[in-house]
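Structural features, examined
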Amino acid sequence: MNAPVLTVEARELALAGMGASRLRKEDARFIQGKGNYVDDIKMPGMLHMDIVRSPIAHGRIVKINKEAALAIPGVHAVLTADDLKPLPPWPSLVYTPC
Amino acid sequence: MTKKLITVSVNGKKEEKAVEPRTLLIHFLREELNLTGAHIGCETSHCGVCTVDIDGQSVKSCTHLAIQCDGSEVLTVEGLANKGVLHAVQEGFYKEHGLQCGFCTPGMLMRAYRFLQENPSPSEDEIRHGMSGNLCRCTGYQNIIKAVQYAAKKLQEPVAA
Amino acid sequence: MIPPRFDYHAPKTVGEAVALLGQWGSDAKLLAGGHSLLPMMKLRFAQPAHLIDINRIPELRGIREEGGTIVIGAMTVENELISSPILQAKVPLLCEAAKLIADPQVRNRGTIGGDIAHGDPGNDHPALSLVIEASFVLEGPKGRRTVAADGFFLGTYMTQLEENEVMCEIRVPAFAHGTGYAYEKLKRKTGDWATAGCAVVIRKNGDQVSHVRIGLTNVAPTALRAEEAEAALLNKPFNAANVQAAAAAAIAICNPAEDLRGDIEYKTAMAGEMVKRALNKAWALCA
């Protein structure tokens, strides 16, 4: 026996929303430029951080020279592995001995 | 290297601010005026997420100094809607799913806004070329094309009195 | 990605700009469209103490016809080249080629003068200038002088433009009736510099090539005029064998830098391919 042929409307009613085209709720903010991405967040006393990476792979870090950076007005801190030593071990998926 | 006073009209509002000559327009908008709609993306003047409208032209605000806008009129995404009514390009992006993460969207909207004034009835090929200064990592561009087509059609409709 | 501090000047005349260049010398850079200079300053590859913004000098803008010469203001932006009725009629190669430069936003700011004066081998207008036989009007403290495009480009970021000079005009002879032209630019994506680019201007006399100029983009420290390639075609029939000979002659002078766009072998081969495509496309337009 063949199934009865439904109208589009009846079929959509039967699906109760599944497969229906939906407009998004979040678009309202994004299309008005109110996305609040990480760089948009401003908090009082907030500092900005940048990461300096090694320019070569598999290098051995002999020395990190912080003095020039710290001398620039507005630079609050230059953090390296030494600054992390007092912290308890970080949870991670791969065990990385410090 | 002292600051200079500039007068810029931003989204119709006159702003008088002292800026360092080296301040990029994108930073002026985001930091000084708290208009964070325009975004910083590639830092190489390619991606277009920083696109705004200056004196009737689409410009990448990351490659433009604020001081160059002294006496100019700047339009950003925050100025597209008119008293709460979305502009046709905004409606198009919403209705046609022209965005996912939304990061490129303000730049896309500002460019589409100006592009449709330059070319009110574009072919698909013309849209692709006209929007080629804006990159998107999410959508694959197909719905962005549809969004611009939607807006083009809507802008051609006679306005209700 | 913030430029270092600098002093900013916005002269209203060429004379003022020249005076500022004289005053600050090598500490100063001219700001035209800014889409070469500002990215360099953001990366701190360029750190001029003084920026001389020449965007507010009206006499550097505009396109006009003077007899058989088209005069293009150095501050004419790429989009203005594309839409210029004078250029579309008299030097259509510039309109077609400008569409291949950067993207719509950048074309609202990037200028023909800046593209030429910067001396970047990746820029397109140098090779175009060579084939359209352009000359450049430069103004310095002693007044104006005109320099032909041929010989203007000396090396990477080096041209005949002196430190105390401002490029004012690009002067181009109007194309003769029936001139064929093409610019073939291989690029990875919109907005990229050429992997290899070839500009051609050509005229015919029956089946023979009566005039040909071939220019190459981004396959050497400067744009190149491929004179040997031109000789392979001039006063000869335009056929596949001669086109192939021209391409081979062009390949012989290529000296590209290896980068992410390709190695030397690839770029050189692509230059040959662009030469062939440009010649064929230009010839098809010849009348």
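Another point: the overall build of chain A. Tallying secondary structure elements over chain A gives four helices and zero strands in all. Going from N to C terminus, chain A has its helices and strands arranged as α-α-α-α. Relative to a compact globule of 98 residues, whose C-alpha radius of gyration would be 13 Å, chain A shows 28 Å and is clearly more extended. In chain A, which comprises 98 residues, the share counted as buried stands at 5%.

Right, let's talk about the interface of chain B and chain A for a bit. Between chain B and chain A, the contact holds 18 residues from the first and ten residues from the second. Those elements that provide at least two residues to the side of chain B that touches chain A are helix H2 (88–95) and helix H3 (105–118) of chain B. Looking at the side of chain B that touches chain A element by element, the count peaks at four residues for H2 of chain B. Of the residues that constitute the side of chain B that touches chain A, the class distribution is nine nonpolar, seven polar and two charged.

This next bit is on the pairing of strand S3 (residues 50–53) of chain C. Residue and element names in this part refer to chain C. With three bridges connecting them, strand S1 (residues 7–9) and S3 associate as parallel partners. By the bridge assignment, His-9 is partnered in S3 with Ile-52. Regarding topology, helix H2 (residues 37–42) serves as the crossover connection from strand S2 (residues 28–31) to the parallel S3, and that connection is right-handed.

Turning next to the nonpolar core. Val-200, Ala-246, Ala-250 and Val-275 of chain C are the most contacted members of the largest nonpolar core, which has 90 residues in total. Once residues lying within four places of it in the same chain are set aside, the contact partners of Ala-246 of chain C are Ile-214, Ala-229, Ala-232, Leu-233, Val-275 and Leu-279 of chain C. Formed by 51 residues, the second largest nonpolar core is a distinct cluster that contains Leu-25, Val-59, Cys-62 and Cys-104 of chain B.

This paragraph deals with the arrangement of the chains. Interchain contacts are distributed over two pairs of chains, and the most extensive set of them lies between chains B and C. Contact between chain A and chain C is absent, and the minimum C-alpha spacing across the pair is 11 Å.

Once that is clear, we can look at unusual backbone geometry. One non-glycine residue, His-58 of chain A, lies in the positive phi region at around 55°. Residue placement: His-58 of chain A occurs in the loop between helix H2 (27–30) and helix H3 (67–71). Note on His-58 of chain A: 5 C-beta atoms within 10 Å, which makes it exposed. At Asn-235 of chain C, a position not held by glycine, the phi torsion is positive, near 60°. Position of Asn-235 of chain C relative to the elements: it lies in the loop between helix H9 (227–231) and helix H10 (240–252). What makes Asn-235 of chain C exposed here is the crowd of 11 C-beta atoms within 10 Å.

Attention shifts here to the pairing of strand S7 (residues 143–148) of chain C. The pairing of strand S6 (residues 135–140) of chain C with S7 of chain C spans six bridges and is classified as antiparallel. In the strand pairing of S7 of chain C, Phe-136 of chain C is matched with Val-147 of chain C.

What follows concerns the sheet that holds strand S5 (residues 73–75) of chain B. Residue and element names in this part refer to chain B. In space, the five strands of this open sheet follow the order S2-S1-S5-S3-S4, with mixed pairing throughout. If you trace the sheet from one side to the other, it starts and ends with strand S2 (13–19) and strand S4 (57–60), each paired once. If you compare each strand with its neighbour and ignore which way they point, the axes differ by 40° on average. For strand S1 (residues 4–10) and S5, the ladder comprises two bridges, and the chain directions are parallel. Within S5, the position partnered with Ser-9 by the bridge is Glu-73.

So, about the packing of H2 of chain B against H3 of chain B. Residues and elements named next belong to chain B. Contact geometry of H2 with H3 gives a least axis separation of 9 Å together with a crossing angle of 130°. On the basis of the axis angle, H2 is oblique to H3. The handedness of the crossing between H2 and H3 comes out as right-handed. Residues Val-89, Gln-90 and Phe-93 of H2 form the contact with H3, whose own contacting residues are Thr-105, Leu-109, Ala-112 and Tyr-113. Here the contact of H2 with H3 is composed, by residue class, of five nonpolar, two polar and no charged.

This part takes up the sheet that holds strand S10 (residues 166–173) of chain C. Residues and elements named next belong to chain C. Strand order in the open sheet formed by five strands is S4-S5-S10-S6-S7, and the pairing between neighbours is antiparallel. Each edge of the open sheet is held by one strand with a lone partner, namely strand S4 (63–66) and S7. Averaged over all neighbouring strand pairs, the angle between strand axes comes to 25°, with direction disregarded. In terms of strand pairing, S6 meets S10 through five bridges, oriented antiparallel. For Leu-138, the partnering residue across the bridge sits in S10 and is Met-167.

Looking now at the interface of chain B and chain C. In this complex, chain B contributes 23 residues to the contact, which on the side of chain C involves 24 residues. Within the side of chain B that touches chain C, the residues separate by chemical class into four nonpolar, 13 polar and six charged.

Once that is clear, we can look at the confidence of the model for chain A. Here chain A averages 88 in pLDDT, while 96% of its residues score no lower than 70. Within chain A, H2 of chain A carries the highest mean pLDDT (97), whereas helix H1 (residues 8–15) of chain A carries the lowest (82).

Residues and elements named next belong to chain B. Two elements in contact, H2 and helix H5 (residues 142–156), have axes separated by 8 Å at closest approach and are oriented at 135°. Judged by the angle between their axes, H2 and H5 are oblique. Considering the relative orientation of H2 and H5, their crossing is right-handed. Side by side, H2 and H5 meet where Ala-88, Val-89, Glu-91, Gly-92, Phe-93 and Lys-95 of the first sit next to Ala-147, Val-148, Tyr-150, Ala-151, Lys-154 and Leu-155 of the second. When its residues are assigned to classes, the contact of H2 with H5 shows eight nonpolar, one polar and three charged.

Thresholds, definitions, all that
Residues numbered from 1 in each chain as written. Chains lettered and ligands numbered in written order. Predicted model: local features only at pLDDT ≥ 70, side-chain atom pairs only at ≥ 80, totals over all residues. Helix = DSSP H or I, 4+ residues; strand = E, 2+ residues; numbered from the N terminus. Rg over C-alpha atoms; globule rule 2.2 N^0.38 Å. Buried ≥ 20, exposed ≤ 12 C-beta atoms within 10 Å, placed from the backbone. Contact = placed C-beta atoms within 7 Å. Nonpolar A, V, L, I, M, F, W, Y, C, P; charged D, E, K, R; others polar. Pairing = 2+ DSSP bridges. Right-handed = clockwise from strand over helix to strand, strands pointing away. Core = buried A, V, L, I, M, F, W, Y, C linked by C-beta atoms within 7 Å. Axes fitted to C-alpha atoms, helices over the stretch in contact; angles between N-to-C directions. Parallel < 35°, antiparallel > 145°, perpendicular 65-115°, else oblique. Left-handed = near helix turned anticlockwise from the far one by under 90°. pLDDT = per-residue confidence, 0-100.

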